[in-house]
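Remarks on the overall topology
These are the residues of each chain, in order.
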Amino acid sequence: MKKCMYVILCFFIATGCGIRTQLDELTLVLTVGLDEGKDGNLLVYSISPVFNKESKNIYEVIRTVGMTPRNGRSKANAFASGKIVGGKAQNIIVSKTFAKNHDMFSYLDVFFRDPKNSTTANFIVFDGPLKDLMYVRLDDKPRLSVAIRDVILTAHANKQTTKINMLDFRRSSLDRAQTPFAPILKVHKGDLVAGGIALFNRQRKYVGSLSQKESPYFAILKKNVKPATSLTFQTKELTKQKEYVSISIEHGDFSYKPSFRNGAFHFDVHMKLGVIVTELTTYIDMKKEKKKVEKWLAKEIQKQLESIVKKMQKYEVDPVGFGLYARAYEYKLFQKQKSWPKAFAKAKINIHPTVEIISYGVLQ
Amino acid sequence: MMNGIQQTVTHSLDMNEQTLRDYFTKTPDLIYCHLFIGEPKRRALLIYFNTLVDKNSINNNIIDPLLFETRQIHTIADIQLPIGSKSYTTKWEHVIQRVFQGETALFLDGDDHVLLLDTQGWPQRAIAEPQIESSLKGSHQGFIETCEKNIALIRRYLPHQQLKIEETTVGRRGHTPISILYLEDVAHPEVVQELKDRIEQIDVDTIINTGELMQHIEDNPFSPFPQFLLTERPDAAVSNLLQGRIVIVVDRSPSVMIGPMTFITFFQTVDDYSTRWMIASFLRLLRLLAFFMAIFLPSTYIAALSFHYEIIPLNLLLTVGESRERVPLPPLLEAILMELAIEMLREAGLRLPAPIGQTVGIVGGVVIGQAAVEAGIVSNIMVVIVSLTAIASFIIPNPDMSESIRLLRFPMMVAASLFGLVGMVIGFMLIIGHLISLESLGTPAGSPFAPARLRDWKDTLLRFPLWMMRTRPLSARPTQLRRQKKFRK
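Every value quoted in this text rests on a predicted model; they were computed, and no experiment measured them. Residue numbers restart at each chain and count upward from 1, following the sequence in its written direction. By the order in which they are written, chains take letters starting at A while ligands take numbers starting at 1. Local features in a predicted model are, by the rule used here, given only for residues with pLDDT of at least 70; side-chain atom pairs are given and counted only at 80 or more, and totals for whole chains, interfaces and linings are based on all residues. The basis for every side-chain value is the complete set of heavy atoms in the structure, and neither hydrogens nor water enter the calculation.

1. Things to note about the overall build of chain B
The number of helices and strands found in chain B is 14 helices and twelve strands. Note that the radius of gyration is over C-alpha atoms, with the globule rule given as 2.2 Å times the number of residues to the power 0.38. Expected size for 489 residues packed as a compact globule is a radius of gyration near 23 Å; at 29 Å, chain B overshoots this value by more than 25%. If one aligns the C-alpha atoms of chain B with their principal axes, the spans along those axes are about 100 × 60 × 40 Å. Burial classification: accessible surface area is computed with a 1.4 Å probe over protein chains only, and a residue below 20% of its type maximum counts as buried, one above 50% as exposed, and the rest as partly exposed. The proportion of buried residues among the 489 residues of chain B is 48%. Using a 1.4 Å probe, the Shrake-Rupley method yields the accessible areas, and only the shown protein chains count as cover for residues. For chain B, the accessible area works out to roughly 23,200 Å², and carbon and sulfur atoms hold 60% of it. In this description a helix means any DSSP run of H or I spanning at least four residues, a strand means any run of E spanning at least two, and both kinds are numbered starting from the N terminus.

Here it is as structure tokens:
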């Protein structure tokens, strides 16, 4: 009898799970969109899958106007066919203009504060008004939310953009030594296109972007070259012709060495990149000219890297996290800086890539 | 005996016959055969049940020599018959018991001793392949319903003088003969004594089957888990004997009982030891996985759909959502409906003759599987889960353990639907707690996990190479541990 009592007690203690969230009665919000509405109001879009076979659409888009995202969602409950939950949210999308004018952090607060929301959703910046994305018709694609996620993930794997989830976005926003960034999504002729990187400043406001072409170099700076980073160069300098060479970076060794001289931070960035030549539209005798090609490639890469670093310094943002190295190696001096992005803007960054051609293919 | 009037056989043949006829009324199969034997002729009486004896043996080995006996017969001890097993008694109790067991009793006029001759020969089955526990590499001989034959099968594996057999009977009416087999230098005397004490205490009419005996002597009748192993394989019985366990052979029952057992032994088969160790280890892990799947798979589905939709990966969630779209039942009802359906199918198939059994399979597979989904009563995913659970429960080699596991998933499903994963964890903890405290013949059934005996883990989740298992497992408290020498590096 006593044993039975213990067993029953066990179950009474377990009342924390008393609130059921039966799947059938839920409206799963997979994508949340935030855009600027009229009169300073917020437009909140939520996309959720529809399972009913009799309905024509496989997902529904609910648009509400509210003061905050949670306020918008509460209003959306009036439209939805089930209780709205965000535990499976895949994408949090903000429009570019909205990101430009507002501190992202205060609007994203609800996604961090309420533990029922997913913190691994991708944070995405959309180039254009959000209604273009929300009401896009993708007949040959899966549900919009899944399609958006897949496009971002594929583009990230190909280094055409980057990805950042809510947790990382929060960390890079709160860290003094870096600034947040986000992938950019566009709708081009009725198709989803991911490419480029949105840069946010200390105040979590959108300040500028890196183009799709610059994205692979951003990945290299972030030491993220695997599985393969593909680059294409014009060989004019090398062969005097307008021909192309494509390489794929297979692995890299990186070292970031910060120092402080003459009132500014210096960074010596050394990287050894192992590349495979994947395409060559002209003839170069690789056997003989390997060293020369390697040197030329290193120079080209250096040029590009320096230009994006300049861009970041111009915007006073540090999405790469140079500040992390500064803080690790020069802690006292780092702590003295009032604002790291400002100090970063003044810093001198020397990038010295060396390229080693591992293979130039099976053809000669 | 005989209403307490007569205990012993008298000298008078007529009186003895009268006693017998008074005792055995309405027994047409009891044969009274009057003979005149020896020179000069003396009256003798042969009685036997013609349903329980080998008639050839009686005709050729008893009646024929007796008829042609030419010597003078003074006492019954003078009678020489070509039968190996014979004994004398003066007690009625013995006579009647033996006659019931198929022996033939010979009364001689003027002698109060009765000659009992072994002429047993009742209908019996030939030794055949074990039906329930078939194996790939093990022997293809299974136990049958005759105790002697079963002991013979075991003795063939263990021709050793330390294999001791103790005989006793159970049941006031049935007098079911029971043989207790053990290796005297390995089995712990206390465990053997405990078993004998428990068997002695049984006071029933009879036991029809080994399973009945098991229920009378098991340690915890309220446990869902079996505490004795029933097997119809002689090789399995011998392998357990060698681990210091005790084998109980029950006459008239085709399976023998083995104890004390541990939980993990129900997941071991004879094939494990005759296949190479890597494959055997893989199969062990597979069975362990099946154990968890059989208990937890439907409850996980219910918990995930009722409380924790977040733990389902998105793509699966969309699939589940689509397939559950038309289902009118909550996950618990849906799962219980399907689980009950498959249990019914199994039970129906079990009792039906093979040709009709196929029909059950078709009806079950097509109607309940396909049609129920198309009708929108259950979801596709549920059908997959139910099938996986059923297959997982069939992988467990011991039918008793397999059934108890199948039973356990129902309380788990209810706990999952009430409290989600928390309820499942509580249920799991209760099972583990129960297993740890469970005993078999006074030895811990959770061994070698609780109490932890690391040396014995070699033959649990993985099966280590045979030459590494040099000691007997401690679970049965063997008095002699050494199993083999270190003869290989």
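2. Some details on a nonpolar patch on the surface
All names here are of chain B. Like charges within 9 Å and nonpolar side chains (Val, Leu, Ile, Met, Phe, Trp, Tyr) within 5 Å are joined into patches, using only residues over 30% in relative accessible area that form no salt bridge. For salt bridges, the criterion is a side-chain nitrogen of Lys or Arg within 4 Å of an Asp or Glu carboxyl oxygen. There is a patch of nonpolar side chains on the surface, built from Phe282, Leu286, Leu289, Ile391 and Ile395 and spanning about 450 Å² of accessible area. Listing elements by their share of the nonpolar patch, those giving two or more residues are α9 (277-306) and α13 (380-395). Of the residues forming the nonpolar patch, the biggest block, three residues, is contributed by α9. Residue placement: leucine 286 occurs in helix α9. On the basis of relative accessible area, leucine 286 is assigned to the partly exposed category, the value being 33%.

3. Examining the interface of chain A and chain B
Contact between two residues is taken to exist if any of their heavy atoms lie within 4.5 Å; hydrogens are not considered. With 27 residues of chain A at the contact, the number on the chain B side is 28 residues. Two parts lose some accessible area (1.4 Å probe) when they are put together, and adding that loss for both gives the buried area. At the boundary of chain A with chain B, total buried surface from both sides reaches about 2,400 Å², with 65% on carbon and sulfur atoms. Connecting chain A to chain B are two salt bridges. Taking the shortest distance from any N to any O, the salt bridge between glutamate 322 of chain B and arginine 143 of chain A comes out at 3.0 Å.

4. Describing the environment of methionine 412 of chain B
All names here are of chain B. Along the chain, methionine 412 turns up in helix α14 (residues 399-437). The spatial distance from the C-alpha of methionine 412 to the C-alpha of leucine 388 is 16 Å, given a sequence separation of 24 residues. Setting aside anything within four residues of it in sequence, one finds methionine 412 in contact with Ile295, Phe296, Ser299, Met424, Gly427, Phe428 and Ile431.

5. Quick look at the nonpolar core
Leu108, Phe123, Phe200, Leu221 and Phe322 of chain A are the most contacted members of the largest nonpolar core, which totals 81 residues. Looking at this core element by element, the count peaks at ten residues for helix α10 (residues 286-315) of chain A. Here this core spans two domains, since at least three of its residues come from each of domain 1 (23-212) and domain 2 (213-364) of chain A. Residues grouped as a nonpolar core are buried Ala, Val, Leu, Ile, Met, Phe, Trp, Tyr and Cys residues, joined through side-chain atoms within 4.5 Å. Counting residues in hydrophobic clusters, the runner-up holds 70 residues, among them Ala303, Met338, Met382 and Val386 of chain B. What counts as a domain boundary in this text is fixed by an automatic or database domain assignment.

6. A closer look at empty space enclosed by the protein
Of the grid points, spaced at 1 Å and generated over the protein atoms alone, those admitting a 1.4 Å probe that cannot get out make up cavities, while open sets with protein on both sides within 12 Å along at least five of seven lines make up pockets; any residue with an atom within 4 Å of a point is treated as lining. Grid points are joined across faces, edges and corners, and a volume is the space filled by probe spheres set on the points. Summed over the entire model, instances satisfying the criterion amount to five cavities of 30 Å³ or more. Along its surface, the largest cavity is lined by 16 residues, and Val29, Val32, Pro69, Arg73 and Phe111 of chain A are the ones closest to its centre. Going through the elements one at a time, β2 (31-36), β3 (42-49), α2 (69-76), β5 (83-85) and α4 (104-113) of chain A are the ones with two or more residues in the lining of the largest cavity. Here the lining of the largest cavity takes four residues from α2 of chain A, the largest share from any one element. Classes in brief: Ala, Val, Leu, Ile, Met, Phe, Trp, Tyr, Cys and Pro nonpolar; Asp, Glu, Lys and Arg charged; the others, Gly included, polar. Considering only residue class, the lining of the largest cavity consists of eleven nonpolar, three polar and two charged. Along its surface, the second largest cavity is lined by 13 residues, and Ile264, Thr265, Gln268, Asp459 and Pro473 of chain B are the ones closest to its centre. Class assignment for the residues of the lining of the second largest cavity results in three nonpolar, seven polar and three charged.

7. Describing the packing of α9 of chain B against α13 of chain B
Residues and elements named next belong to chain B. It is at 8 Å that the axes of α9 and α13 come closest, and there the two elements cross at 150 degrees. One way to sum up the angle between α9 and α13 is to call them roughly antiparallel. Like other packed secondary-structure pairs, α9 and α13 cross with a definite hand, here left-handed. Residue-level contacts link Arg287, Ala290, Met293, Ala294, Leu297, Pro298 and Tyr301 of α9 to Ile381, Met382, Ile385, Leu388, Thr389, Ala392, Ser393 and Ile395 of α13. Fitting a line to C-alpha atoms yields each axis, with helices limited to the stretch in contact; the angle taken between N-to-C directions then spans 0 to 180 degrees. Convention used here: angles under 35 degrees read as roughly parallel, angles over 145 as roughly antiparallel, angles from 65 to 115 as roughly perpendicular, and any remaining angle as oblique. Put simply, a crossing is left-handed when the front helix is turned counterclockwise from the back one by less than a right angle, and right-handed when it is turned clockwise.

8. A look at the pattern of salt bridges
A complete count under the given rule lists 39 salt bridges over all chains for this structure. Note that arginine 327 of chain A is salt-bridged to aspartate 175 of chain A, the shortest N-O span being 3.0 Å. With arginine 327 of chain A in helix α11 (residues 322-329) and aspartate 175 of chain A in the loop between α7 (166-174) and β8 (181-188), this pair connects stretches of sequence that are 152 residues apart. Aspartate 175 of chain A sits in the buried class, given a relative accessible area of 14%. The shortest N-O distance in the salt bridge between arginine 43 of chain B and aspartate 14 of chain B comes to 3.0 Å. Linking arginine 43 of chain B in strand β2 (residues 42-49) with aspartate 14 of chain B in helix α1 (residues 13-23), this pair joins segments that are 29 residues apart in sequence. Taking relative accessible area as the criterion, aspartate 14 of chain B reaches 44% and is therefore assigned partly exposed. Each member of the salt-bridge network shares a partner with another, and the members are Glu339, Glu343, Arg346, Glu347, Arg351, Glu403, Arg406 and Arg409 of chain B.

9. Re the sheet that holds strand β6 (residues 163-170) of chain B
All names here are of chain B. Pairing between strands requires that DSSP locate at least two bridges from one strand to the other. Read from one edge to the other, the open sheet built from five strands follows the order β6-β7-β9-β10-β8, with strand pairing classed as antiparallel. In this open sheet, the two edge strands, each paired with only one partner strand, are β6 and β8 (229-231). For this sheet, the mean angle separating the axes of adjacent strands, direction not counted, is 25 degrees. As paired strands, strand β7 (residues 176-183) and strand β9 (residues 246-250) are joined by four bridges and run antiparallel to one another. Bridge assignment links isoleucine 178 to a residue of β9, and that residue is valine 250. With respect to the sheet, helix α4 (residues 147-157) is in contact with β6, β7 and β9, its orientation differing from that of β9 by roughly 150 degrees. On the sheet, helix α6 (residues 210-217) packs against β6, β7, β8, β9 and β10 (256-259) and is oriented at approximately 30 degrees with respect to β10.

10. Some details on the UniProt feature "transmembrane region" (unreviewed entry) in chain B
Residues and elements named next belong to chain B. UniProt annotation of "transmembrane region" (unreviewed entry) refers to residues 285-307, 352-371, 377-396 and 408-436 when read in the numbering used here. The span residues 352-371 is 90% helical and 0% strand by assignment, and the distance between its end C-alpha atoms comes to 24 Å. The span residues 377-396 is 80% helical and 0% strand by assignment, and the distance between its end C-alpha atoms comes to 30 Å. UniProt positions are given in the numbering used here, feature names are shortened, and annotations may be inferred rather than shown by experiment.

11. Observations regarding the domain arrangement of chain A
Residues and elements named next belong to chain A. Per the domain assignment, the segments making up chain A are domain 1 (23-212) and domain 2 (213-364). Placing the centre of domain 1 and that of domain 2 at their C-alpha centroids yields a distance of 31 Å. Taken together, the contact between domain 1 and domain 2 spans 24 residues of the former and 30 residues of the latter. Of the roughly 2,000 Å² buried where domain 1 meets domain 2, counting both sides, 57% is carbon and sulfur surface. In this structure, the connection of domain 1 to domain 2 is made through one salt bridge. Polar contacts, as used here, are pairs of N or O atoms within 3.5 Å; protein pairs need one atom able to donate a hydrogen and one able to accept it. Residues neighboring in sequence count only if both atoms are side-chain atoms. Taken together, the links from domain 1 to domain 2 amount to 13 residue pairs in polar contact (both at pLDDT 80 or more). Only α6 (144-157), β9 (191-200) and β10 (206-210) provide two or more residues apiece to the side of domain 1 that touches domain 2. Split into classes, the residues belonging to the side of domain 1 that touches domain 2 amount to eight nonpolar, twelve polar and four charged.

12. Thoughts on the UniProt feature "domain: Spore germination GerAC-like C-terminal" (unreviewed entry) in chain A
Feature annotation in UniProt places "domain: Spore germination GerAC-like C-terminal" (unreviewed entry) on residues 196-361 of chain A, given in this structure's numbering. Counted over residues 196-361 of chain A, helix gives 37% and strand 38%. Its end C-alpha atoms are 30 Å apart.

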